[in-house]
Each structure stands twice: as C-alpha cells, then as structure tokens.
Amino acid sequence: MSKSIRIRTERIFEWVLSASVILAGLCLMGGCAYIYFGHHAYTSDLVASTFRTVAIPVWIAVGLIAVGLVWELISPADTEHHKAPKAYAVILSRLHSIREKNEAAVSTVLAEQKRRKALSLTRLILVAVGLLIFFGYAVQPANYTDDINTSVIRAMWVAIPCFAVPFAFAIFAAYGIDKSYQREIAFLKTLPACKAEEQANATDRPRRIPAWLPGVILLGIAVAALIVGAVSGGAVPVLAKAVKICTECIGLG
C-alpha cells in the first residue's frame, strides 16, 4: 500500500470510528432517556430489553476499535504523518535556528504561538470550571432527595454539560493546535536560510508552557475533590446510592 493511499485510508477510518462512537453514545443516552421519561419504573427486564435494541451500534463501535488496535499492531502508523506536539517543537526549534525572519515573519510566528496558547488555556479553563460546577453541586446535601433515581438523574443533568462542553472543545482545540503547528512549520520553510554566523547566534527561543503542566493541575484538582468528598463524609452516601442503583435499577443481586 502506497503512503498516500495509507494516509487517506487512515483518515477515512478515523472519521468512521469517531462517528460510530458518537452514535453509540447517543443511542445509550437515548435508551436511558426512554426508560426514565417513558416508564419511571426500573426493572432488570426493562433495562435489558431497552439496551438490547441499541446494542448493534455499540458492538459496531467496539469492533472498529478492535480493528484499529489490530491494524496498528500489524502496520504501525507513519510517525511522520502523526507528529506529536513534542516532535513539532523539535522541528520548529530547528527551523527557527536556520531561517532568517524579518519583522513580518516574526509577527506571523507569534500569532500562531498565541493562538495555540489561547486554545490550550481555554481548554484548561473549561475543564476547571466544569469540575468546579459539578463538584459544587455534588457536595450539597440539599440537591439529593429520598428518591435515589431522581437524585441521580438531576446530578446527570448537571454533569453532562459540565463534561461534554470541555470534551467537545478539547477535540476542537487539539485539531486547531495541530493545524497551527503545521501552518507555522510550512511558513518557516518558505523563509530564506540564515547565514552561518547568524545560525551560531540564534539562541533566542520563546518560552513555552510545559506539556505536563495541564495534566498535573487536573490531577491536583481531582485529588483535592476526592479528599474533600472523603473528609465531608460523602463517600458513604455515594456508596449507598450505588448499591441501590445496582440492586433496584439494574437488578443485580
């Protein structure tokens, strides 16, 4: 298989896989909504019959994921085509050191760098705000009633937008950052090469936010939320609610 055909096939497969996963998720959410709004009575037979009808798109998504894993093991992806941000940084560092940049070129490069920083910062803010809103709701005892099903459904209505919006923007941001790296690399390649003495003195580099910093911040927020929940005594009610869901809704035990 030629390189161009492989790349085109990989892109088609990625789109099909993404569409199948989204469809499976929508079917599962639709099944939950059908049970809640249509019956208000949770039995194991009702849950089984409802989700049996949406099993096909779920199994298709699982099958495509398995095919993708096997494909990757048999024929690994072209690393030149799938460049990680770290690889982009190495390429940009090299190009910055060997290309001569005038004032207009510097402005273009800075604009791309600011665009990437804005996308990364916005992504981090949305995740933090979503977590704060959800955990702010979750730790309030007044938001829970004696009806466990109603309490869970209300919590889900809060959780879905809190996590769906950051997740959707993260996909958009990843695509935008990737394209921004490609635009900057392509632009730098069009610039004339530096002279030898200019290459030796090309030491100025824009400072970048460490790639591990957002992950560490999110991990810290998650650990802090777990500690707050455990200290406030929220672990026991959550466990009791989980047991009731398994025994009353799904029908285990």
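Just so it is clear, the structure is predicted and the values come from calculations on it, not from any experiment.

The rules behind each value
- Residues numbered from 1 in each chain as written.
- Predicted model: local features only at pLDDT ≥ 70, side-chain atom pairs only at ≥ 80, totals over all residues.
- Heavy atoms only, no water.
- Helix = DSSP H or I, 4+ residues; strand = E, 2+ residues; numbered from the N terminus.
- Buried < 20%, exposed > 50% of the residue type's maximum accessible area, 1.4 Å probe, protein only.
- Contact = heavy atoms within 4.5 Å.
- Areas by Shrake-Rupley, 256 points an atom, 1.4 Å probe, with all protein chains shown as cover.
- Patch = residues over 30% accessible without salt bridge, like charges linked within 9 Å, V, L, I, M, F, W, Y side chains within 5 Å.
- Salt bridge = Lys/Arg side-chain N within 4 Å of Asp/Glu carboxyl O.
- Core = buried A, V, L, I, M, F, W, Y, C linked by side-chain atoms within 4.5 Å.
- Axes fitted to C-alpha atoms, helices over the stretch in contact; angles between N-to-C directions.
- Parallel < 35°, antiparallel > 145°, perpendicular 65-115°, else oblique.
- Nonpolar A, V, L, I, M, F, W, Y, C, P; charged D, E, K, R; others polar.

Visitor: Looking at this model, I keep getting lost on the overall build of the chain. Mind explaining?
Guide: For the chain, the helix and strand inventory stands at nine helices and zero strands. Moving toward the C terminus, one meets the helices and strands of the chain in the order α-α-α-α-α-α-α-α-α. For the chain, the proportion of its 253 residues judged to be buried stands at 22%. Partitioning the intrachain contacts of the chain with sequence separation of at least 6 by distance along the chain shows that 83% fall at a separation of at least 24. In the form shown here, the chain has an accessible surface area of approximately 17,000 Å², with 71% of it arising from carbon and sulfur atoms.

Visitor: Explanation requested: the environment of Ile60 in the structure shown.
Guide: Tracing the backbone shows Ile60 in helix H3 (residues 55-74). For Ile60 and Leu17, which are 43 residues apart along the polypeptide, the C-alpha to C-alpha distance reads 9.1 Å.

Visitor: I keep staring at a nonpolar patch on the surface and nothing clicks. Help me out?
Guide: Residues Ile22, Leu26, Met29, Met156 and Ile160 make up a contiguous nonpolar surface patch of roughly 480 Å² in combined accessible area. Elements supplying a minimum of two residues to the nonpolar patch: helix H1 (3-38) and helix H6 (148-190). Inspection of the secondary structure assignment puts Ile160 in helix H6. Looking at Ile160, the relative accessible area reads 37%, which means it is partly exposed.

Visitor: Before we go on, may I ask you to explain the side chain of Glu184 in this structure?
Guide: Tracing the backbone through its elements, the reader meets Glu184 in helix H6. Taking relative accessible area as the criterion, Glu184 reaches 1% and is therefore assigned buried. Those residues in contact with Glu184 that sit more than four places away from it in its chain are Leu92, His96, Val109, Glu112, Gln113 and Arg116.

Visitor: Is there a simple way to think about the nonpolar core in this case?
Guide: Nonpolar side chains in soluble globular proteins tend to end up buried together. Within the largest apolar cluster, 14 residues are counted, with the highest numbers of intra-cluster contacts made by Leu92, Leu95, Leu119, Tyr181, Ile185 and Leu188. Among the secondary structure elements, those contributing two or more residues to this core are helix H4 (85-98), helix H5 (103-138) and H6. With six residues, the top contributor of residues to this core is H6. Ignoring any residue separated from it by four or fewer positions in sequence, one finds Leu119 in contact with Phe169, Phe172, Ala173, Gly176 and Ile177. Core analysis: the next-biggest nonpolar cluster, separate from the first, contains six residues, Phe134, Val158, Ala159 and Cys162 among them.

Visitor: Would you explain the packing of H5 against helix H8 (residues 213-231) in this entry?
Guide: Each packed pair of helices is defined by two parameters, the angle between the axes and the distance between the axes. Where H5 meets H8, the closest approach of the two axes is 11 Å, and the angle between their N-to-C directions is 5 degrees. It follows that H5 is roughly parallel to H8 by the angle criterion. When H5 is examined against H8, the residues Leu124, Val127, Ala128, Leu131 and Phe135 are found in contact with a partner set consisting of Pro214, Ile217, Leu218, Ile221 and Ala225. A per-class count over the contact of H5 with H8 returns ten nonpolar, no polar and no charged.

Visitor: Honestly, the pattern of salt bridges in this entry has me stumped. Any pointers?
Guide: Two side chains carrying opposite charge are able to pair once their charged atoms lie near each other. Applying the stated criterion across every chain, the model contains three salt bridges. Note that Glu112 is salt-bridged to Arg183, the shortest N-O span being 3.1 Å. Within this pair, whereas Glu112 is found in helix H5, its partner Arg183 is found in helix H6, the two being separated by 71 residues in sequence. Given a relative accessible area of 39%, Arg183 falls into the partly exposed group. Residue Arg116 pairs with Glu184 through a salt bridge whose shortest N-O separation is 2.8 Å. Of the two residues, Arg116 is situated in helix H5 and Glu184 in helix H6; the sequence distance between them amounts to 68 residues. Both residues of the pair, Arg116 and Glu184, count as buried. The network of salt bridges with common partners includes Glu112, Arg115 and Arg183.

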